[in-house]
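Below, each chain spelled out in residue letters.
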Amino acid sequence: MRNSIIRQMRKPGVVTLVLLSLAACGGGDSNSANSPVTANPVTTTPPATDPVTTQTANEIVQRFLQVDLDELDNYANPALPAYYHDTVAAIDNTPNNDPVDDAIATLGRVLFYDTSLSVNDTISCASCHQQSVGFDDDERLSTGFAGGQTPAHAMRLANLRYFEGEDMFWDRRAASVEDQATLPILDPVEMGWQDNGGFSALVTKMESLEYYPALFGFAFGDEAITQDRMERALAHFQRAMISSDSRWDRAYAQVFAPGAPNRALNEALPAFSASEQRGRELFMSNLNNGGAGCARCHRPPTYALDGNSRSNGLDAGETTIFKSPSLKSVGRSQFFMHDGRFESLLQVVEHYDSGIQNGPALDNRLRDGNQPLRLNLSADDRQALVDFMLALSDETLESDTKFSDPFIR
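A quick note: this is a predicted structure, and the numbers were derived from the prediction, not measured.

Asks: Explain the overall build of the protein chain to me, please; I cannot follow it from the model alone.
Replies: Counting secondary structure elements, the protein chain contains 16 helices and six strands. Taken over 409 residues, the protein chain has a buried fraction of 55%. A separation of at least 24 residues holds for 66% of the contacts in the protein chain among residues at least 6 apart in sequence. Carbon together with sulfur atoms contributes 48% to the accessible area of the protein chain, which is approximately 17200 Å² in total.

As structure tokens, this is what we get:
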């Protein structure tokens, strides 16, 4: 009975939620499906006789957040260019039984920006994944809740849904976007709950924050706060971070022809400089055609890493198979590679040109026989690749308010 009542909130125009004080109505356990409720709790206007125990979800949420549950932002059905619709479905890691949902992604946005999810209210996911720099960190290593530093540089999040290999983090230790979502929350350096009562202590804290029972009830039909639901919500929000409006996207849309995507990738792009055009040629063309072969691993149009990619030879004898994020908005980053060792895109290009080291984890595409690949690019060509990658920055994603901090500060 109670669950069916709360599910009515998801219907247009109905946002009322019985919250926080069910015991006063004879409820007892607020998570029990058998808890009795008032005879007619769903109404668009709170009853004048009971203004304390019955409040609309929007009234609660909007005391803390710039979120309107009656007019949700569109996360589920973004307007994508034709070349995204036609070419990326096969690499989309969204579960078939859990497509992005506006209400769940809205909850994910709140979770992403909430410093209350750290032990001492100082760190959120957004502390290390900042929208203005492509959801990257502007520090080499991120600072955790107690001042400690993470062992790796934060990864950009744009087009995270298009890594078909699914496993997440630099070292691929998480099996999915969902699996990785709450690991930083538990991490003893990042947000701290592993050593401070674990997830149950976090849930107790969240239950005391008025907006979370309201948001979980709105998104899932009842107020239960669980790790699985948090992982799903954060994953919905992060998968919605699609980058499709960089300078490259806008130019490529003018030459793309359905049915011939590979040909279009090799065409000159309007309004690109000579250096950017040269960088595009090098990036897209294979080695036997005079190119650098970058697109073999960083696949347009998403520029997400090929799911079968291995490591890139940062260190001799490397055994860990690292991955990388999409190259969209890579020009906003200030540190590169899993440990942030490079401080410019030119250093990144120079690594692929002449610095690849041999080891058992090295990707075969970066080998020349039994030796690491050497491109021997000219200085102009190295700069051309940098200029091309700068054209992958997506100012729309970096400023879109539906991905911004929703809290009233």
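Asks: Explanation requested: the packing of aromatic side chains in the structure shown.
Replies: Each aromatic ring pair is specified by the distance between its two centres and by the angle formed by the two planes. Applying the stated criterion to the full structure yields 22 aromatic pairs. Between Tyr83 and Phe256 the ring centres are 5.7 Å apart and the planes differ by 65°, which places this aromatic pair in the edge-to-face class. One end of the pair, Tyr83, is in helix 3 (residues 82-87); the other, Phe256, is in the loop between helix 11 (247-255) and helix 12 (261-265), and 173 residues separate them in sequence. Here Tyr83 matches Phe256 in class, with each residue buried. Ring centres of Trp248 and Tyr303 lie 5.1 Å apart, and the angle between their planes is 90°; this geometry places the pair in the edge-to-face category. Separated by 55 residues along the polypeptide, Trp248 in helix 11 and Tyr303 in the loop between strand 3 (298-299) and strand 4 (304-305) bring together distant segments of the chain. Across the pair, Tyr303 and Trp248 agree in class, each one buried. An aromatic cluster of at least three residues, connected via ring pairs, comprises Tyr83, Tyr84, Tyr162, Trp248, Tyr252, Phe256, Phe283, Tyr303 and Phe388. In this structure, Arg173 is placed above the aromatic ring of Phe169, and the distance from its NZ or CZ to the ring centre is 3.8 Å. When the ring centre of Phe272 is taken as reference, the NZ or CZ atom of Arg247 above it lies at 4.9 Å.

Asks: What should I look at first to understand the layout of surface pockets in this one?
Replies: The probe, sized like a water molecule, is rolled over the atoms to show the empty space still left. What the largest pocket holds in volume is close to 690 Å³. If you go around the largest pocket, you meet 39 residues; those closest to its centre are His129, His153, Ala154, Met155 and Phe169. Counting residues per element, the ones that place at least two in the lining of the largest pocket are helix 5 (125-128), helix 6 (177-181) and strand 4. The residue makeup of the lining of the largest pocket, split by class, is 22 nonpolar, 11 polar and six charged.

Asks: Explain the side chain of Asp167 to me, please; I cannot follow it from the model alone.
Replies: Topologically, Asp167 is positioned in the loop between helix 5 and helix 6. In this view, Asp167 contacts Arg172, Ala174, Ala175 and Lys323; residues no more than four positions away in its chain are not counted.

About the thresholds
- Residues numbered from 1 in each chain as written.
- Predicted model: local features only at pLDDT ≥ 70, side-chain atom pairs only at ≥ 80, totals over all residues.
- Heavy atoms only, no water.
- Helix = DSSP H or I, 4+ residues; strand = E, 2+ residues; numbered from the N terminus.
- Buried < 20%, exposed > 50% of the residue type's maximum accessible area, 1.4 Å probe, protein only.
- Contact = heavy atoms within 4.5 Å.
- Areas by Shrake-Rupley, 256 points an atom, 1.4 Å probe, with all protein chains shown as cover.
- Phe/Tyr/Trp six-rings, centres within 6.5 Å; stacked < 30°, edge-to-face > 60°.
- Lys NZ or Arg CZ within 6 Å of the ring centre and 35° of its normal.
- 1 Å grid on protein atoms, 1.4 Å probe; cavity = no way out; pocket = protein on both sides within 12 Å on 5 of 7 lines; lining within 4 Å.
- Points joined across faces, edges and corners; volume = space filled by probe spheres on them.
- Nonpolar A, V, L, I, M, F, W, Y, C, P; charged D, E, K, R; others polar.

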